[in-house]
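Descriptive structure summary
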Amino acid sequence: MVSSPGPRVVVLAGGVGGAKFTLGVREALRRRHAPQATVIANTGDDLWLSGVRLQPDVDSILYALAGQSDTVRGWGRAGDTERVNEELQAWGAGWPWFTLGDLDLGTHLARTGWLREGLTPSQVLSRLSARWPLGATLLPMTDDEVDTRVLFGDGSRMHFQEWWTRHRATIAPVAFENPGIAAAAPAPGAVDAIAAADVVLLAPSNPVVSLGPILAVPELAEAVRSTRARVVGVSGIIGGRVVRGMADVCLTAIGVETSCVGVAGHFGSRTDGGLLDAWLIASEDAASSTAIERLGIRSAVAPLWMTDASATAEMVEAAFAAAGV
Ligand code: FO1
């Protein structure tokens, strides 16, 4: 009998944490001689700035897989310079708190030019991906233009990137909105990949502003709910604290406790109309297993510090074990 190559893996991912996680998935699949994963990236924090289209989460994953990311800063290209940015600032163009690196701008210019020629964002990403051997198929969650607005108690709104990079999430929000997302269609190939997968992994990305928009694309949420694959989420909260980013502020805004149990409850059990078959939590949170099982979600425990691709691959293996693959 010929053994089937596997597992077929789909990852739903946001930017910085999603990129690190994706490197671990690639490493775990390489060790198993398994097919490359399909990574569906959040496009909810995209924006137009200085005439170019930015897709921060897509680019974070693209650069990480290409070995081109600035691993210290967590976003942008390694070894980038800021000559064009200085000039933009001198003109008073763009946002003074938002840096567009020269190499990064090359990506945005290429993307914008191809979009203007009529390519879709997924066609553009396919072209960008062809430059490097990524070892994964990277898809945007949708080709429709969506973004994230942060809503405050006084009724005012702000683009997510302004709130995140300028204000460092220090102004308490009351909600997040993704205008147009209810009508957004999944990018070509995304639903089919989820349907054909053996395991769908929710990266330890921000549950609200990274995974939230992906799962707010109606057909993507439905594809995850109805797939025959096991759906395993990985907690981005370790020892009751967010590891990176400002996910706690986002969770508080939507009334979810910043804990691995709180986020598991937010995604919900598939047995109950939710998304998760299993939830991988950090060794530090092992005592929360019972509470997670009580939600109807299988709990698995592993070290979740993504110190390098090898450690992350071990964590991905724990997620595979929880999925039974
Ligand atoms: N993050 C910052 O904190 N400051 C910046 O100036 C900044 C610029 C930037 C430019 C392009 C890009 O793709 C990402 C950039 N980021 C920057 C990261 C980004 O704002 C966020 O970390 C993500 O959107 C959240 O996932």
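Before any of the text, the structure's been laid out above.
We now turn to the structure provided with this report. Model, not experiment: these values are computed from the prediction.

1. Considerations on the side chain of R53
Along the polypeptide, R53 turns up in strand 4 (residues 52–54). When near neighbours in sequence (up to four residues on either side) are disregarded, R53 contacts D46, L47, W48, H108, R111, T112, L115, E145 and V146.

2. Examining the site of the ligand
Around the ligand sit D45, P56, D57, W75, W97, F98, T99, D104, Q161, W164, T165 and R168, and that is every residue in its neighbourhood. At 3.2 Å, a side-chain N or O of W75 approaches a nitrogen atom of the ligand. Here Q161 contributes a side-chain N or O atom positioned 2.5 Å from an oxygen atom of the ligand. A total of 530 Å² of accessible area belongs to the ligand in isolation, and the protein chains cover 92% of it. Listed by contribution, the elements that provide at least two residues to the shell around the ligand are helix 2 (56–65) and helix 6 (160–166).

3. A short note on the packing of aromatic side chains
Evaluation of the coordinates by the stated rule reveals 7 aromatic pairs. Each ring, one from W163 and one from W164, has its centre 6.1 Å from the other, and the planes form 45°; the classification is tilted. The class of W164 is buried, set by a relative accessible area of 18%. Where W163 meets F176, the ring centres are 5.5 Å apart and the plane angle is 65°; that geometry is what we call edge-to-face. Here W163 is found in helix 6, whereas its partner F176 is found in strand 8 (residues 173–177), with 13 residues between them in sequence.

4. Some details on the sheet that holds strand 8
Across the sheet, 3 strands lie side by side as 7-6-8; this open sheet has antiparallel pairing. On the outer flanks of this sheet lie strand 7 (157–159) and strand 8, each paired with one strand and no other. Strand-to-strand twist in this sheet, taken as the mean axis angle between neighbours without regard to direction, amounts to 30°. As paired strands, strand 6 (residues 149–152) and strand 8 are joined by 4 bridges and run antiparallel to one another. When the bridges of strand 8 are listed, V150 appears paired with F176.

5. What to know about the packing of helix 1 (residues 16–31) against helix 2
Their axes nearest at 8 Å, the elements helix 1 and helix 2 cross at an angle of 35°. Between helix 1 and helix 2 lies a crossing of right-handed hand. Between helix 1 and helix 2, the residues in contact are V16, G18, A19, T22, L23 and R26 and S60, I61, A64 and L65, respectively. Classifying every residue of the contact of helix 1 with helix 2 by side-chain character gives 6 nonpolar, 3 polar and 1 charged.

6. Observations regarding the sheet that holds strand 14 (residues 298–302)
In any sheet, the strands associate via hydrogen bonds between backbone groups, in a parallel or an antiparallel arrangement. If you walk across this open sheet you meet the 7 strands as 5-2-1-9-10-13-14, and the pairing is parallel. In the strand order of this sheet, the two ends are held by strand 5 (136–140) and strand 14, each with one partner. Pairs of neighbouring strands in the sheet enclose a mean axial angle of 20°, with direction left out of account. Relative to strand 9 (residues 199–202), strand 1 (residues 9–13) runs parallel, the two being bridged by 4 bridges. In the strand pairing of strand 9, V10 is matched with V200.

Calculation rules
Residues numbered from 1 in each chain as written. Predicted model: local features only at pLDDT ≥ 70, side-chain atom pairs only at ≥ 80, totals over all residues. Heavy atoms only, no water. Helix = DSSP H or I, 4+ residues; strand = E, 2+ residues; numbered from the N terminus. Contact = heavy atoms within 4.5 Å. Near = heavy atom within 4 Å. Polar contact = N/O pair within 3.5 Å; in protein donor to acceptor, adjacent residues only side chain to side chain. Areas by Shrake-Rupley, 256 points an atom, 1.4 Å probe, with all protein chains shown as cover. Phe/Tyr/Trp six-rings, centres within 6.5 Å; stacked < 30°, edge-to-face > 60°. Buried < 20%, exposed > 50% of the residue type's maximum accessible area, 1.4 Å probe, protein only. Pairing = 2+ DSSP bridges. Axes fitted to C-alpha atoms, helices over the stretch in contact; angles between N-to-C directions. Left-handed = near helix turned anticlockwise from the far one by under 90°. Nonpolar A, V, L, I, M, F, W, Y, C, P; charged D, E, K, R; others polar.

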